[in-house]
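The chain contents come next:
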Amino acid sequence: MIYLTRRERFSAAHRMFRTDLTDEENLNIYGKCSNPMWHGHNYVLKVTVRGEPDPETGYFMNATRLKDIMLERVVEKLDHKNMNLETDFMAGKVATTENLAMAIWYELELPLAEEGATLHCVRVEETENNYVEYYG
Ligand code: NI
């Protein structure tokens, strides 16, 4: 079994908040990321797929194809956007890194399966010091 990881980057604005709470209550839960005036991060997305290499080609998935799927399904919907307001797969969700990683998983799982690759891990790095990983 081979694991293949592709890294992409995007810059996006967000605000972590619940509409049923006051700004002060949101601040207590989400800290600076609940700023009502929005803010952004330079995110790093790492997607790992796994599969058995084809003896003919020596790989199970072309890394360029993985890149193209990540860009089309995820990165283009987030880069230089406000993910709360503009990213369809984040609609109605609190824009935590956890929810983002899970939403990205469900965007990628099927198109990758159609390419013969099994999604293994979606890793979203919000800062150099914080990241989450989702394994489905
Ligand atoms: Ni933030």
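Structural data are supplied above this passage.
This structure is a prediction, so every number in the text was calculated from the model and none was measured.

Caption draft 1: Broad picture of the coordination of the nickel ion. The coordination sphere of the nickel ion contains the protein donors H14 (NE2), C33 (SG), H39 (NE2) and H41 (NE2), at a distance range of 2.0 to 2.1 Å. Given 4 donor atoms and angles of 92 to 126° at the metal, the environment of the nickel ion is assigned as tetrahedral.

Caption draft 2: Inspection of a negative patch on the surface at higher detail. On the surface, a cluster of negative charge is made up of D68, E72, E76 and D79. Within the secondary structure, E76 is located in helix 2 (residues 63-78).

Caption draft 3: Representation of the side chain of H14. Along the chain, H14 falls in strand 1 (residues 2-14). Of note is the side chain of H14, whose polar atom sits 2.9 Å from the backbone oxygen of A95. Once you skip the residues sitting within four places of it in the chain, H14 turns out to touch C33, W38, H39, H41, Y43, M83, N84, A95 and E126.

Caption draft 4: Focus on the packing of aromatic side chains. Scanning the entire structure with this criterion turns up 3 aromatic pairs. Ring geometry for F10 and Y43: centres 5.0 Å apart, planes at 15°, overall stacked. One end of the pair, F10, is in strand 1; the other, Y43, is in strand 2 (residues 39-51), and 33 residues separate them in sequence. By relative accessible area, F10 is classed as buried at 2%. Pairing W105 with Y134 gives two aromatic rings, centres 5.4 Å apart and planes at 80°, and the pair type is edge-to-face. Of this pair, W105 sits in helix 4 (residues 97-113) while Y134 sits in strand 5 (residues 131-134), and the two are 29 residues apart along the sequence. Of the two residues examined, W105 and Y134, each falls in the buried class.

Caption draft 5: Representation of the pairing of strand 1 within the structure. The sheet contact formed by strand 1 and strand 2 spans 13 bridges and is antiparallel. When the bridges of strand 2 are listed, F10 appears paired with Y43.

Caption draft 6: Structural context of the pattern of salt bridges. Using the criterion set out here, one finds 9 salt bridges in the structure. For the salt bridge of R15 with D23, the shortest nitrogen-to-oxygen distance reads 3.1 Å. According to the relative accessible area criterion, R15 is buried, its value standing at 8%. Here D88 and K77 are joined by a salt bridge, their closest N and O atoms 3.4 Å apart. Remark: K77 occurs in helix 2 and D88 occurs in the loop between helix 3 (83-86) and helix 4; sequence separation between them is 11 residues. In this structure K77 comes out as partly exposed when scored by relative accessible area, which is 25%. Taken together, the salt bridges that share partners define one network made up of K46, R123, E125 and E133.

Reading the values: the criteria
- Residues numbered from 1 in each chain as written.
- Predicted model: local features only at pLDDT ≥ 70, side-chain atom pairs only at ≥ 80, totals over all residues.
- Heavy atoms only, no water.
- Donors = N, O, S within 2.8 Å, 3.2 Å for Na, K, Ca; no water.
- Tetrahedral: all angles 85-135°; square planar, octahedral: opposite > 155°, others 65-115°.
- Patch = residues over 30% accessible without salt bridge, like charges linked within 9 Å, V, L, I, M, F, W, Y side chains within 5 Å.
- Areas by Shrake-Rupley, 256 points an atom, 1.4 Å probe, with all protein chains shown as cover.
- Salt bridge = Lys/Arg side-chain N within 4 Å of Asp/Glu carboxyl O.
- Lys, Arg positive; Asp, Glu negative; His and termini not counted.
- Charge placed at Lys NZ, Arg CZ, Asp CG, Glu CD.
- Helix = DSSP H or I, 4+ residues; strand = E, 2+ residues; numbered from the N terminus.
- Polar contact = N/O pair within 3.5 Å; in protein donor to acceptor, adjacent residues only side chain to side chain.
- Contact = heavy atoms within 4.5 Å.
- Phe/Tyr/Trp six-rings, centres within 6.5 Å; stacked < 30°, edge-to-face > 60°.
- Buried < 20%, exposed > 50% of the residue type's maximum accessible area, 1.4 Å probe, protein only.
- Pairing = 2+ DSSP bridges.

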